[in-house]
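# Close look at the chain arrangement
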Amino acid sequence: MTSRKKLAVLIGVGAAWMLSVSPATPAQEKDKAPAKKIAIRAGRLIDGKSDTPILNALIVVEGDKIVSVTAGATPPAGAELIDLSKATVLPGFADVHTHVLLNGDITAEDYDTQLLKESTPYRAILAARNARIALDHGFTTIRDVETEGAMYADVDVKTAIAKGEVPGPRMQVATRAMTPTGMYPLLGYSWELKVPTGVQYVDGVEGARKAVREQVMYGADWIKYYSDRRYHFEADGVLHSMVNFTDEEAKAIVDEAHRLGKKVAAHCIGSDGIAAALRAGVDTIEHGDGFTDALLDEAARKGVYWVPTITVGAYVAPGRGGNWVKMVDLEKIAFQKALKKNVKIALGTDAGGFDWKQLNEAEEFVYYVNYGMTPMQAIRSGTVVPAELLGWSDKGGTIEAGKWADLVAVSGDPLKDITELKRVKFVMKAGAVYKNEVH
Ligand SMILES: [Zn+2]
């Protein structure tokens, strides 16, 4: 071994004091190879922080991070220039309610077919495709809230993306989700057949704690459970439901998840399910069609996020019929009340509940504006608010120095026409350009 190599090895094992006094070695130079510098000229920048766009902004990206954002500056020497001067640049979008392992779920038959006739490897291949679709639509971050019978395959999709093997958004995943025995499909098959279940059946306080530990052991970032089912209207005009877990069980799930540093998402559609989830202390309410004034007040007071998933509700309602159509109207009223009460609303679509190839997740932004949000509020619900929900406020959600270089661009002005967000022309994630159709 030459003395030079010896020095490199010493440095390699972390002799930090040596780094400050030693001359540069080839090993060091390699480690310190300057990250690629990119300067993006944005005609209009919605950074997620400011109330109004910044005109003619220059965003400098180094490696996977944003290093500076300035109005009217000149690009630094040696930087590659990306000209988005005719476009609006925004933070990458986040959808905090997706199912990459599902491809449409309008009827029970759609669902059963996927679980009975498609293998988990096949579904994982489609999931990688779906992740690519999300990224292409400008969603640089997703929270995937259960695999619908595909066990822990979401962890694999997340890992493959994180390692750069396949393109896709940053992911937090919930793995299998939970209900008590018999309260989630597949149901209705002969008792002689052993059929897969869409979620993990979990019973009793000890069973709940063990299931949380098991899911966390296999990679769950979130624990999701089904708070209710059998949604129905009663004479009071409120959407009611049957609550799945006993309060003791639900509290055990939440307590164990929090003890292990994980957060909890609860599927709740009826008011009874929402009330039970809020009693249990969950972090996010998924769907929430049956929110009443009192429950919205409670969610606001406790700082619980609401993820409305309007896109899926409106999409499946005609096919499912019955109360599902009425529930869409009900949720619109609840949404408008939630805005007045300052409930934290994070954008979630339930993509996978609809076919990833048929709808653009950005449709959800359009609903929020149609339901009463300003375009800027809607944009924040799909950028800044999800970053906070995911615990990534210090890393993402806005375009500012120090944050991940996750950004998108559209041709027009989304503050004037929110449907622009359905026509994303440029996508950068972690400083890498995945799409550039800006001309
Ligand atoms: Zn869902």
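Residues numbered from 1 in each chain as written. Predicted model: local features only at pLDDT ≥ 70, side-chain atom pairs only at ≥ 80, totals over all residues. Heavy atoms only, no water.

## As for helix α9 (residues 271-280)
Given 3.6 residues per helical turn, the α-helix brings residues three or four places apart onto the same face. Convention followed: Buried residues are those whose accessible area, probed at 1.4 Å on protein chains only, stays under 20% of the maximum for their type, while exposed residues exceed 50% and partly exposed ones sit between those limits. Helix numbers and strand numbers start at the N terminus; a helix is a DSSP run of H or I with at least 4 residues, a strand a run of E with at least 2.
Of all ten residues in α9, eight are buried; the element is thus mostly enclosed. Considered for burial, the residues of α9 that qualify are S271, G273, I274, A275, A276, A277, L278 and A280.

## Digging into a nonpolar patch on the surface
Spelled out, the test is: Surface patches are defined over residues having more than 30% relative accessible area and no salt bridge, joining like charges when they lie within 9 Å and nonpolar side chains (Val, Leu, Ile, Met, Phe, Trp, Tyr) when within 5 Å. Only the protein chains shown count as cover for residues, with accessible areas throughout obtained via the Shrake-Rupley method and a probe of 1.4 Å. One side-chain nitrogen of Lys or Arg within 4 Å of one carboxyl oxygen of Asp or Glu is enough to make a salt bridge.
Taken together, the side chains of L116, Y189 and L193 define a hydrophobic patch exposed on the protein surface, amounting to about 270 Å² of accessible area. With relative accessibility at 33%, the residue Y189 sits in the partly exposed group.

## Points about the coordination of the zinc ion
Quick note on the threshold: Water is not part of the atom set, so a site may look incomplete; the donors themselves are N, O and S atoms within 2.8 Å of the metal, or 3.2 Å for Na, K and Ca.
Here the zinc ion is held by the protein donor atoms H97 (NE2), H99 (NE2) and D350 (OD), which lie 2.1 to 2.3 Å from it. Sequence spacing of the donors to the zinc ion: H-x1-H-x250-D. Take H97 and H99: they sit in the same class, and that class is buried.

## Looking at helix α8 (residues 247-259)
The following threshold applies: Multiply 1.5 Å by the residue count of a helix minus one, and that product is the helix's expected span.
The end-to-end C-alpha separation of α8 is 18 Å, in line with the 18 Å expected for 13 residues at 1.5 Å each. Looking only at α8, the buried set comprises E249, A250, A252, I253, V254, E256 and A257. G261 lies just past α8 and shows a positive phi near 80°.

## Regarding the pattern of salt bridges
For the coordinates displayed, the defined rule picks out 28 salt bridges. Residue E62 is joined to K37 by a salt bridge in which the shortest nitrogen-to-oxygen separation is 3.9 Å. In this pair, E62 sits in strand β2 (residues 54-62) while K37 sits in strand β1 (residues 37-45), placing the two residues 25 residues apart along the sequence. Look at E62 and you get partly exposed, because its relative accessible area is 30%. Across the salt bridge formed by K224 and E146, the nearest N and O atoms sit 3.6 Å from each other. Of the two residues, K224 sits in strand β10 (residues 222-226) while E146 sits in the loop between β6 (139-144) and α6 (153-162), which places them 78 residues apart along the sequence. Since its relative accessible area comes to 0%, E146 is described here as buried. Several salt bridges converge on common partners, so that one network encompasses R209, R213, D255, E256 and R259.

## Notes on the packing of helix α7 (residues 205-217) against α8
Operational definition: Lines fitted to C-alpha atoms define the axes, with helix axes restricted to the stretch in contact, and inter-axis angles between N-to-C directions lie between 0 and 180 degrees. Angular relationships are summarised with four words: roughly parallel below 35 degrees, roughly antiparallel beyond 145, roughly perpendicular across 65 to 115, and oblique for the angles in between. Whether a crossing is left-handed or right-handed is set by the direction in which the near helix is turned from the far one by less than a right angle, anticlockwise for left-handed and clockwise for right-handed. By definition, residues are in contact when any of their heavy atoms lie within 4.5 Å.
For the pair α7 and α8, interaxial distance at closest approach is 8 Å and the crossing angle is 30°. With respect to α8, the axis of α7 lies roughly parallel. As α7 packs across α8, the resulting crossing turns out to be right-handed. Contacts between α7 and α8 involve V205, A208, R209, V212 and R213 from the former and E248, E249, A252, I253, D255, E256, A257 and R259 from the latter.

## Digging into the sheet that holds strand β7 (residues 170-173)
Selection rule: Between any two strands, at least two bridges found by DSSP are needed for them to pair.
The three strands are arranged β5-β6-β7 in an open sheet whose pairing can be described as parallel. Strands at the two margins of the open sheet, each flanked by one partner only, are β5 (93-98) and β7. The sheet shows a mean angle of 15° between the axes of neighbouring strands, direction not considered. Sheet topology places β5 next to β6; four bridges connect them, and they run parallel. Across the sheet, the residue bridging to D95 is I142, located in β6.

## Some remarks on the sheet that holds strand β4 (residues 80-91)
Taken together, seven strands build an open sheet; the order of strands is β3-β2-β1-β4-β16-β17-β18 and the sheet is mixed. Each end of this open sheet is capped by a strand with a single partner; those strands are β3 (65-71) and β18 (432-436). Looking at each pair of strands side by side, their axes are set apart by 30° on average, direction ignored. As judged from the four bridges shared by strand β16 (residues 407-410) and strand β17 (residues 424-429), these two strands associate in the antiparallel manner. For A409, the partnering residue across the bridge sits in β17 and is F426.

## Some remarks on the pairing of β18
Sheet analysis places β17 next to β18, joined by four bridges and oriented antiparallel. Pairing of F426 across the sheet is with N436, part of β18. Following β17, the chain reverses through two residues before pairing antiparallel with β18; A430 in that reversal takes a positive phi of roughly 50°.

## With respect to the pairing of β2
Sheet topology places β1 next to β2; eight bridges connect them, and they run antiparallel. In the strand pairing of β2, I38 is matched with V61. The pairing of β2 with β3 spans six bridges and is antiparallel. Residue pairing across strands places V61 opposite I66, the latter belonging to β3. Between β2 and β3, which pair antiparallel one after the other, the connecting turn spans two residues, and G63 there sits at a positive phi close to 65°.

## Description of the confidence of the model for the protein
Stated formally: Confidence of the predictor in every single residue is expressed as pLDDT, which spans 0 to 100.
Predicted confidence across the protein gives a mean pLDDT of 92, with 92% of residues reaching 70 or more. Confidence drops under a pLDDT of 50 for residues 1-30, and excluding neighbours within four residues, the segment shows 15 contacts in the predicted structure.

## Considerations on the packing of helix α11 (residues 310-320) against helix α13 (residues 363-370)
Where we set the bar: Only Asp, Glu, Lys and Arg are considered charged, only Ala, Val, Leu, Ile, Met, Phe, Trp, Tyr, Cys and Pro nonpolar, and every remaining residue, Gly among them, polar.
Packing of α11 against α13 brings their axes to within 8 Å, and their N-to-C directions diverge by 95°. The pairing of α11 with α13 is recorded here as roughly perpendicular in orientation. Side by side, α11 and α13 meet where I310, T311 and A314 of the first sit next to E363, E364, Y367 and Y368 of the second. Here the contact of α11 with α13 is built from residues that sort into four nonpolar, one polar and two charged.

## Points about unusual backbone geometry
Most peptide bonds take the trans configuration, and most residues that are not glycine carry a negative phi. In this structure, L186 follows P185 across a cis peptide bond, with omega equal to 10°. Summarising the element assignment, L186 is placed in the loop between β8 (178-179) and β9 (200-201). One non-glycine residue, T309, lies in positive phi territory at about 45°. Along the polypeptide, T309 turns up in the loop between β15 (305-307) and α11. Look at N342: it is not a glycine, yet its phi comes out positive at around 60°. Mapped onto the fold, N342 is located in the loop between α12 (323-340) and α13. What makes N342 exposed here is its relative accessible area of 64%.

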